[in-house]
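# Structural overview
As a plain string of letters, each chain reads:
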Amino acid sequence: MKLTRPLLCLMAVGTVILILGTSRDTRAVPSYSRQTGMPCATCHFAPPELTPFGRKFKLDGYVLTTKPEVTDDKKDHNSGLRLLEAFPLSVVFDTSYTATKSPQPATQNGNFQFPQDVSLFLAGAWGSHVGSFAQVTYTAQGNHFSWDNTDVRYANTHDLFGKSLAYGITFNNNPTVEDLWNSTPAWGFPFTASNVSPTPAAKAIINGALAQDVAGFGGYTMWNEHLYIGSTIYRSQHLGGAQPNPGTGFGFNIRGLAPYWRVAWQTVTKNNSLQFGTYGMHVKSSPNAITGPTNGYTDWAFDFQYDRTIPQFKNDVLSFRGTYIRENSSLGATFAAGGASQLGHHLNTAQANLEYHYGTKLSGTAGLFNVAGTPDPLLYAQASVFGSANGDPRSNGYTLNVSWWPQQNIDLAVQYSGYLRFNGAQTNYDGAGRKAGGNNAVFLLARFVF
Amino acid sequence: MPRIFVHLVARAGVFVCLIGLALPVDVHAQSDVAKVYKTNCVLCHAADGSGNSSSGKALGAKDLASNEVQKKTDAELAEVIAKGKGKMPAFGAKLKPEDIKQLVAYIRAMPKK
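Values in this document were obtained by computation on a predicted structure and should not be read as measured data.

### Some points on the overall build of chain B
Broken down by element type, chain B carries seven helices and zero strands. Element order for chain B, N to C, with α for helix and β for strand: α-α-α-α-α-α-α. Evaluated residue by residue, chain B yields a buried proportion of 33% over its 113 residues. Pairs at least 24 apart in sequence give 39% of the contacts found in chain B among residues at least 6 apart.

### Describing the interface of chain B and chain A
The partner chain A presents 40 residues to the 27 residues of chain B that form the contact. Within the residue set of the side of chain B that touches chain A, elements represented by two or more residues are α1 (3-22) and α4 (54-59) of chain B. Ranked by the residues each element gives to the side of chain B that touches chain A, the list is headed by α1 of chain B, at eight residues. When its residues are assigned to classes, the side of chain B that touches chain A shows 18 nonpolar, six polar and three charged.

### Some remarks on the environment of isoleucine 410 of chain A
Residues and elements named next belong to chain A. On the secondary structure map, isoleucine 410 appears in strand β19 (residues 410-421). C-beta crowding within 10 Å serves as the criterion here: with 18 such atoms nearby, isoleucine 410 is assigned to the partly exposed category. Along the backbone, isoleucine 410 and arginine 34 are 376 residues apart, and their C-alpha atoms lie at a distance of 16 Å.

### Section: the packing of helix α6 (residues 74-83) of chain B against helix α7 (residues 97-108) of chain B
Residue and element names in this part refer to chain B. Orientation of α6 relative to α7, taken along the N-to-C sense of each, is 120 degrees, at an axis distance of 9 Å. By the criterion of interaxial angle, the relationship of α6 to α7 is oblique. Judged by the twist between their axes, the crossing of α6 over α7 is right-handed. Here α6 contributes Asp74, Leu77, Ala78, Ile81 and Ala82 to the contact with α7, which in turn contributes Ile100, Lys101, Leu103, Val104 and Ile107.

### Remarks on the pairing of strand β9 (residues 163-172) of chain A
Residue and element names in this part refer to chain A. As paired elements, strand β8 (residues 144-160) and β9 share 10 bridges and run antiparallel to each other. When the bridges of β9 are listed, histidine 158 appears paired with leucine 165. If you look at the hairpin formed by β8 and β9, you'll find two residues sitting between the two strands, and phenylalanine 161 has a positive phi there, around 55 degrees. When β9 meets strand β10 (residues 214-223), the two strands line up antiparallel, connected through eight bridges. If you follow glycine 168 over to β10, its bridge partner there is tyrosine 220.

### Focus: the confidence of the model for chain B
Residue and element names in this part refer to chain B. Summary statistics for chain B give a mean pLDDT of 82 and a share of 72% for residues scoring 70 or more. Confidence, read as mean pLDDT per element, is least for α1 in chain B (56) and greatest for α6 (96). Counting interchain partners and residues more than four positions distant, the pLDDT-below-50 stretch residues 22-29 has four contacts. For this predicted complex, the interface score ipTM comes out at 0.79, alongside a pTM of 0.88.

### Some words on helix α2 (residues 32-40) of chain B
Residues and elements named next belong to chain B. Looking at α2, one finds that the buried residues are Val36, Tyr37 and Asn40. The buried residues of α2 all sit within an arc of 100 degrees when viewed along its axis, so they share a single face. Buried residues along α2 sit against α3 (42-45) and α7.

### Points about unusual backbone geometry
Residues and elements named next belong to chain A. Note the cis peptide between phenylalanine 189 and proline 190, where omega equals 0 degrees. Mapped onto the elements, proline 190 comes out in the loop between β9 and α5 (205-209). A cis geometry characterises the amide bond from glutamine 243 onward to proline 244, with omega recorded as -5 degrees. For asparagine 288, which is not glycine, the phi dihedral falls at a positive 60 degrees. Classification of asparagine 288 as partly exposed rests on a count of 15 C-beta atoms within 10 Å. The phi dihedral of asparagine 428 falls on the positive side, at around 45 degrees, and the residue is not glycine. In this fold, asparagine 428 is placed in the loop between β19 and β20 (441-449). Looking at asparagine 428, the number of C-beta atoms within 10 Å reads 13, which means it is partly exposed.

### Here's the deal with the nonpolar core
Ranked by internal contacts, the top residues of the largest apolar core, which has 47 residues, are Tyr62 and Ala123 of chain A together with Leu103 of chain B. Examining the composition of this core, we find that four residues originate from one element, α7 of chain B, more than from any other. Dropping the residues within four chain positions of it, tyrosine 62 of chain A is found in contact with Tyr32, Phe57, Ala123, Gly124, Ala125, Gly131, Ser132 and Phe133 of chain A.

### Brief notes about the packing of α2 of chain B against α7 of chain B
Residue and element names in this part refer to chain B. Interhelical geometry of α2 versus α7 gives an angle of 90 degrees and a closest axis separation of 9 Å. As the angle between them shows, α2 and α7 are arranged roughly perpendicular. Only Asp99, Gln102, Leu103 and Tyr106 of α7 make contact with α2, whose side of the interface consists of Val33, Val36 and Tyr37. Of the residues in the contact of α2 with α7, the class split is five nonpolar, one polar and one charged.

About the cut-offs
- Per chain, residues are indexed from 1 in the order of the written sequence.
- Each chain takes a letter, starting from A, and each ligand takes a number, starting from 1, following the order in which they are written.
- Thresholds applied to this predicted model are a pLDDT of at least 70 for local features of residues and 80 or more for the giving and counting of side-chain atom pairs; totals over whole chains, interfaces and linings are not thresholded and use all residues.
- Secondary structure elements are defined from DSSP: runs of H or I of at least 4 residues count as helices, runs of E of at least 2 residues count as strands, and each element is numbered from the N terminus.
- Partly exposed residues are those whose C-beta has more than 12 but fewer than 20 other C-beta atoms within 10 Å; with 20 or more the residue is buried, with 12 or fewer it is exposed, and the C-beta atoms are placed from the backbone.
- Our contact criterion uses C-beta atoms placed from the backbone: two residues qualify when those atoms are within 7 Å.
- When residues are grouped by polarity, Ala, Val, Leu, Ile, Met, Phe, Trp, Tyr, Cys and Pro land in nonpolar, Asp, Glu, Lys and Arg in charged, and all others, Gly among them, in polar.
- Between the N-to-C directions of two axes lies an angle of 0 to 180 degrees, each axis being a line fitted to C-alpha atoms and, for a helix, fitted only over the stretch in contact.
- For classification purposes, an angle smaller than 35 degrees is called roughly parallel, one larger than 145 roughly antiparallel, one from 65 to 115 roughly perpendicular, and anything else oblique.
- Less than a right angle of anticlockwise turn of the near helix away from the far helix marks a crossing as left-handed, whereas a clockwise turn marks it as right-handed.
- Strand pairing follows a simple DSSP-based rule, namely that at least 2 bridges must link the two strands.
- pLDDT measures how confident the predictor is about each residue, on a scale from 0 to 100.
- In this description, one arc is meant: the one made by directions from the helix axis to the C-beta atoms.
- Only buried residues count toward a nonpolar core: Ala, Val, Leu, Ile, Met, Phe, Trp, Tyr and Cys, linked into one set through C-beta atoms within 7 Å.

Below is the structure:
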C-alpha cells in the first residue's frame, strides 16, 4: 500500500483530534520532572537530548529533588532514610505509522501501530545517592512487556586538587546507555524510529547489538566538570533465557568479561556546550554456545557534540553531533560454522546530524550515515529484502526528522529515512530485484509522556 | 586484542567501583547546613556559590556572593528558596523553614565580591 494523499490527510486529522482531545487537560509530567519540580526543558533540549543540567542530573545519580520526602536522620547506630513521597513512575505511549517506498514482499504496506510500544519507567531517586532510569516496554509486535534500557546508579561528589569530583557506580544493560551525551549509540539520533522498516544488515556490536542482552557493572568519574572517564564490564544476560546461561539460541554469549570504556572532555559556557571523546568495547563471544571457538570484536569509536544557544533567536539551540566507529573482528566461531568466508573483518560506521531547536516547540534534524566494511558473501548472505546479493555490507543514506512538541510531554514527529545504498548496492541489492530506495520510509509518530 | 589490555580495562573498572564504595559518604565533617547546600544547591550554584558549574552557566544561575543577591533581605532570599524564581525550582515543599533560614545565613557568609 502506498502512502496516498487521502491516507496522509486522515492521519493528520486523526492526530489533530487526538491532540485536541487530550492536551487541554494534560498536566502530567514524567517522574524526574515531578521529583525536581522543573519542566522537561530544563534537562532536555528535546527528549532525550540532555542539556548541561540534564547531564549533571544524570551524573549525580538522578537524585535531585525539591519535593517532600519521608526522612529519618542518621544517628548513632541507626541508618538514615530519604524516600520520595511520590512513587517515581512514568509512562510513554507511542503510536506510529510506517510506509516504505516499496512494500516488503507478501506484506501489507502502510503499517499502523496503536500502540507501537508502551513503556513504564521507574525513574527517580531511590535514596540520597542512588537513583534509576529503569524501563520496561510493551511492543505490539511481541505482544508482551520486556525489560528495556536500565541504568541504576550510585553517585557522590568530593573535591580533588581543589576541583569538584563527581563519581559513581552504574548497573546497566546496554553499553553506552550510561553515557551523558547524545553522540553515542544508546541515546543517539534518530531518537525514535520505525520498528517495521528494513535496516542495513551490518552493524557494529557497540551500536545496539548487545542492548538489553547484557548485565553490566561499572564506575565513572567527572573531574572539574571537564574530564569524564567511565568503564563498565559486561556479561551476557539473555532475557527469557535459562539461568545459568547455556548459550543456546543466542547470537552473543560473552566469554569472560566484555569491557567498555569511555573518555570524554567537555566544556560548557553560557551559550556553548562542546564535548569530544572516545569510547569502545571488546567482546569475545561464542554464538549459540558457551564453549568452543569464539568471535572477537573490538570497537574503537570517537564522538563529538556541540550545542549552541543563540540568544539573538530567543535562545533557540543548534546541535551538531557525530560519531565514528571502527570495528575489527576475528570471527573464529562463525568461520568454523561456515558462516564467514574469512576470519578477519572490519566495519566502519560514520554518523553525523545537525539539529535546530525552535524553542522547545519544534525541532528539525538532518542526519547522514555510512557503513562500510569487509565484503563477505557468507556473513552478509543473499536473502530477500534483508540480505546482500554481493556480500558487501556498504550502506549509506540520510534521515530527516521534524518533531513538534505542542506540550513538552507530547512529541508529534515526521521522519523520512532515505537509502542511497543498501547492503552493498543501489539496485537489485538483494538479488530479488529490490532497490535501495525501495526501503525509503516515512514514519509518523505520536508520543505521549506522562 | 591483547588479553592483558582486556584485563587491565576490566580491573580498572572494578577498581573505580571499589574506590567509589570505599569512600565514606562524608569525608569532611560537614555542618547540617553545608549538607543541605551540597544536596540541593551545588548542582547549579557550585560549591563556592559562584554559579560557575556547567549546569549553572547554562541556566544562568546567580552568583550567590554577588551584590545582586546579597542586597536582598533575608526574607526575600528565603522566599526565593521556598517559592523559586525564574528557572530556579521551589524548595519550600522539601526544606523546613529552619533549613531555609540556615541556608540564608550560609549564603550571607559567602565571601563578598
